[in-house]
Amino acid sequence: MKKNIFQIVGLFLLLPLFAGCNDSDDLSEIFIRKWKLTYITKPNKHQWYSFPGIDNSNYDEYFKGEKSFILTLSGIETDNVIQGTFTGEGSVNAGGTWNANGKNQQFSMKVEGGNPTDNKDKIASKILEGLKSVNSYKGSDSNNLFLYYQDATSKETLCLTFAPIRN
């Protein structure tokens, strides 16, 4: 009898551990910050995607830091969904609204007034295309952010890869 009582008490003591588990993302921790684009790539790759018609000198401008794109996200989280506004600056000036769902990792942006700052910068056009087409995200911490979209030309899934800007 004593053994059964101890087992029942033990189960009740472990219950808060299981109740505290959560299979959703901490959206505010992931998104609410400034992000710098590191590259556009295919999923699980760590190098620039080779877009047809874009020569190496355009990629070099980003690699050397001569050009960059900064995405600033702000918003409020409610019931595992976050929504807010964003600004983009650098090679693309843009603004608008965004939202993300922590359960299914869906992500969308409504870009208002997005323009490349240099009409000759073909990568800036690809950044803007990605922002307008993004449909999901991956990022379970504040160290990386991956925004996925389908490239209009190649029909491949591509990823806008970001690293946080540390102050």
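Residues numbered from 1 in each chain as written. Predicted model: local features only at pLDDT ≥ 70, side-chain atom pairs only at ≥ 80, totals over all residues. Heavy atoms only, no water.

**Notes on the overall build of the protein chain**
- Broken down by element type, the protein chain carries four helices and eight strands.
- Along the protein chain, helices and strands appear, N-terminal first, in the series α-α-β-α-β-β-β-β-α-β-β-β.
- The burial tally for the protein chain puts 38% of its 167 residues in the buried class.
- The contacts in the protein chain between residues at least 6 apart in sequence include a share of 52% that link residues at least 24 apart. (Helix = DSSP H or I, 4+ residues; strand = E, 2+ residues; numbered from the N terminus. Buried < 20%, exposed > 50% of the residue type's maximum accessible area, 1.4 Å probe, protein only. Contact = heavy atoms within 4.5 Å.)

**Focus: the packing of aromatic side chains**
- The final tally for this structure, using the stated rule, is nine aromatic pairs.
- When the ring of Tyr 49 is compared with that of Phe 51, the centres are 4.8 Å apart and the planes differ by 75°; the resulting orientation is edge-to-face.
- Residue class for Tyr 49 comes out buried when judged on its relative accessible area of 11%.
- Using a relative accessible area of 4% as the deciding quantity, one classes Phe 51 as buried. (Phe/Tyr/Trp six-rings, centres within 6.5 Å; stacked < 30°, edge-to-face > 60°.)

**Description of the environment of Tyr 59**
- For Tyr 59, the location among the structural elements is in helix α3 (residues 56-63).
- Distance from Tyr 59 to Lys 122, taken between C-alpha atoms, is 9.4 Å for residues 63 residues apart in sequence.
- Ignoring sequence-local partners within four residues, the contact set of Tyr 59 consists of Trp 48, Tyr 49, Ser 50, Phe 51, Ile 54 and Ile 123.

**Observations regarding helix α4 (residues 122-133)**
- For α4, spanning 12 residues, the distance from its first C-alpha to its last is 17 Å, which sits close to the expected 16 Å at 1.5 Å a residue.
- When we look at burial in α4, the residues that qualify are Ile 123, Ala 124, Lys 126, Ile 127, Leu 128, Glu 129, Gly 130 and Leu 131.
- Two or three places before Ile 123, at the opening of α4, Asp 121 has a side-chain oxygen 3.1 Å from that residue's backbone nitrogen. (Expected span 1.5 Å × (residues − 1). Polar contact = N/O pair within 3.5 Å; in protein donor to acceptor, adjacent residues only side chain to side chain.)

**Observations concerning the nonpolar core**
- Grouped together as the largest cluster of nonpolar side chains are 38 residues, with contacts concentrated most on Phe 31 and Met 109.
- Counting residues per element, this core draws most heavily on α4, which supplies five residues.
- Excluding anything up to four places from it in sequence, Met 109 contacts Leu 71, Leu 73, Phe 86, Thr 97, Trp 98, Leu 131, Lys 132 and Val 134. (Core = buried A, V, L, I, M, F, W, Y, C linked by side-chain atoms within 4.5 Å.)

**Overview of the sheet that holds strand β5 (residues 107-116)**
- Overall, antiparallel pairing links the eight strands, which are arranged β5-β4-β3-β2-β1-β8-β7-β6 in an open sheet. Of all strands in the sheet, those with a lone pairing partner are β5 and β6 (136-138), marking the two edges. Taken over all neighbouring pairs, the strand axes of this sheet differ in orientation by 25° on average, direction set aside.
- Contacts between α4 and the sheet are confined to β1 (34-41), β2 (69-78), β4 (92-101), β5, β7 (145-150) and β8 (157-164), with β5 contributing the most and set at about 145° to the helix. (Pairing = 2+ DSSP bridges. Axes fitted to C-alpha atoms, helices over the stretch in contact; angles between N-to-C directions.)

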